[in-house]
Each structure stands twice: as C-alpha cells, then as structure tokens.
Amino acid sequence: GEDVEQSLFLSVREGDSSVINCTYTDSSSTYLYWYKQEPGAGLQLLTYIFSNMDMKQDQRLTVLLNKKDKHLSLRIADTQTGDSAIYFCAPRAGSYIPTFGRGTSLIVHP
Amino acid sequence: DVKVTQSSRYLVKRTGEKVFLECVQDMDHENMFWYRQDPGLGLRLIYFSYDVKMKEKGDIPEGYSVSREKKERFSLILESASTSQTSMYLCASSLEILAGNEQYFGPGTRLTVT
C-alpha cells in the first residue's frame, strides 16, 4: 500500500508563510488532497491537485507537486491564528481511497 | 451542504461491552467509511462500504464489524470493546469513488473504554 510521510509539528509566527511538506510512495497517485482538521472537529477538504498539474493556487493557498520526487507541499501565505489546525496530506492511487498521512499540527503564535 | 452526523461526540464504555457507533449522511452518497484517529498515527481505515449491504475491510478491521442496511446509515460495531479501542472514530461519506470525489467527515466520536 501507499506510504505517506509528514512531519508532525510546524510552528510559525503570525503573518509569516507556512509550508507543510508531504512525501508519498505510489507514483500512480492521481488526486492529491489536503484536508484540515480544526480542534474538536472532523476533517474538511482544503484543496486538491491533479497529478497532471505542477501547481495550484487558491487565494492564500499554494499547492506544489513534484511527481518525480513524489513530493507534495502546501504553502499558506500570511498565516493567521485561525489557521492553527492539523493538516493531512492524502494522495489517492489505484485503490480509489485516499491514504492519509499522520497529519501536521500547525501552531501559529503571535 | 453535505452533512455527516455521528450519534455521540463522547462515549465511555466498559471492557467487554458491545458498542455501536452510528453515522448518518444526508446527501445520498454511495460510499461511506469508518476511520480511527490516534495521535501520531493519523487516520487509519477500518471498513468502508460502496453500496447498501456491501462492505470491504480497510487496513485495521480486526475487532470491528459494520452494518449498512440503508444507504444513509453506516454503523460500526465493537463486538467486545477493549482498552486498545479507545480512540477517536471518524465517519466519512463520498460520491462515486472513481470520480475522485472528496470525502465529507462527521465531527467524530471520542470513545473511551475502561
């Protein structure tokens, strides 16, 4: 099965950019999702990218995909305290069900 | 808006009890999923269902069973709860898997087995 790796914690100052990285193993991954989990809540889809794209931008969010290295990143510009959450990388390959990483806890401090 | 609801936010059960976790979605989704979430381990798939009365094992099905008698409802059953099953349980639903549709998650049930 697919293995997905993310660092567990990231701490940034309010107003700075945050970059959350993810590596995966299955090169046939077609959809690559980023989900956000706020405290006490379920997961919500934040954004996603198709495997035929290198980059996708959506307001403060930028997703970069390096298929050769099987590396996915999520950049949040002008990070706010409301961005504090757990972020999950979830590539989807042949099984048609996403495999979730362990999640990166983003801590934003003033 | 899609809504996925779970019967309880918090549940405390004793070792050996039979436990039912209920999940209901209101958007006529074909697929439903049960995950458990543990700190440092992320989400692990327990079971999923792509149609009424159909079920497939996920990565960690041992000690669990499921039931899907109606399209909107997917139940997770712990036949004999153990302390190792203390966890956060998340239900999700989605449209047809092949279309790459996103999953919609419920708020979770935090189960404590004592």
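Residues numbered from 1 in each chain as written. Chains lettered and ligands numbered in written order. Predicted model: local features only at pLDDT ≥ 70, side-chain atom pairs only at ≥ 80, totals over all residues. Heavy atoms only, no water.

(A) Broad picture of the side chain of Thr79 of chain A. Assignment of secondary structure puts Thr79 of chain A in the loop between strand E8 (71-76) and strand E9 (85-92). Thr79 of chain A has contacts with Val12, Glu14, Gly15, Asp16, Ser17, Ser18, Arg60, Leu106 and Val108 of chain A, leaving out every residue within four places of it along the chain. (Helix = DSSP H or I, 4+ residues; strand = E, 2+ residues; numbered from the N terminus. Contact = heavy atoms within 4.5 Å.)

(B) Looking closely at the nonpolar core. Ranked by size, the top nonpolar core spans 20 residues in total, and within it Trp34, Ile46, Leu76, Leu78 and Tyr89 of chain B carry the most contacts. Secondary structure elements with two or more residues in this core: strand E3 (19-25), strand E4 (31-38), strand E5 (42-49), strand E8 (73-78), strand E9 (87-94) and strand E11 (109-113) of chain B. With residues near it in sequence (within four places) discarded, Leu78 of chain B still touches Glu17, Lys18, Val19, Gly63, Tyr64, Gln85, Tyr89 and Leu111 of chain B. Grouped together as the second largest cluster of nonpolar side chains are 19 residues, Tyr24, Leu61, Leu74 and Ala85 of chain A included. (Core = buried A, V, L, I, M, F, W, Y, C linked by side-chain atoms within 4.5 Å. Buried < 20%, exposed > 50% of the residue type's maximum accessible area, 1.4 Å probe, protein only.)

(C) Examining the interface of chain A and chain B more closely. The interface is formed by 18 residues belonging to chain A together with 21 residues belonging to chain B. Both faces combined, the contact of chain A with chain B buries some 1500 Å², and carbon together with sulfur accounts for 59% of it. On the chain A side of the contact with chain B, Leu43, Ile97 and Phe100 of chain A bury the most area, a combined 32% of that side's loss. In this structure, the connection of chain A to chain B is made through zero salt bridges. Connecting chain A to chain B are three residue pairs in polar contact (both at pLDDT 80 or more). Put simply, the parts of the chain that give the side of chain A that touches chain B at least two residues each are strand E4 (31-37), strand E5 (43-50) and E9 of chain A. For the side of chain A that touches chain B, the element with the highest residue contribution is E4 of chain A, accounting for four residues. Of the residues contributing to the side of chain A that touches chain B, the split by class is 12 nonpolar, four polar and two charged. (Buried area = accessible area lost by both parts, 1.4 Å probe. Salt bridge = Lys/Arg side-chain N within 4 Å of Asp/Glu carboxyl O. Polar contact = N/O pair within 3.5 Å; in protein donor to acceptor, adjacent residues only side chain to side chain. Nonpolar A, V, L, I, M, F, W, Y, C, P; charged D, E, K, R; others polar.)

(D) Quick peek at the packing of aromatic side chains. By the definition in use, this model includes 14 aromatic pairs over all chains. Taken together, a centroid distance of 5.3 Å and an interplanar angle of 80 degrees make the contact between Tyr48 of chain A and Phe50 of chain A edge-to-face. Each member of the aromatic cluster is reached from another via a ring pair, and the members are Tyr31, Tyr33, Tyr35, Tyr48, Phe50, Phe88 and Phe100 of chain A together with Phe33, Tyr35, Phe48 and Phe105 of chain B. The positively charged end of Lys56 of chain A is found above the aromatic ring belonging to Tyr48 of chain A, 4.1 Å away from the centroid. (Phe/Tyr/Trp six-rings, centres within 6.5 Å; stacked < 30°, edge-to-face > 60°. Lys NZ or Arg CZ within 6 Å of the ring centre and 35° of its normal.)

(E) The sheet that holds strand E1 (residues 4-6) of chain A, seen in detail. Residues and elements named next belong to chain A. Ordered by their spatial adjacency, five strands build an open sheet running E1-E3-E8-E7-E6, and the pairing between neighbours is antiparallel. Of all strands in the sheet, those bounded by a partner on one side alone are E1 and strand E6 (55-58). If you compare each strand with its neighbour and ignore which way they point, the axes differ by 15 degrees on average. (Pairing = 2+ DSSP bridges. Axes fitted to C-alpha atoms, helices over the stretch in contact; angles between N-to-C directions.)

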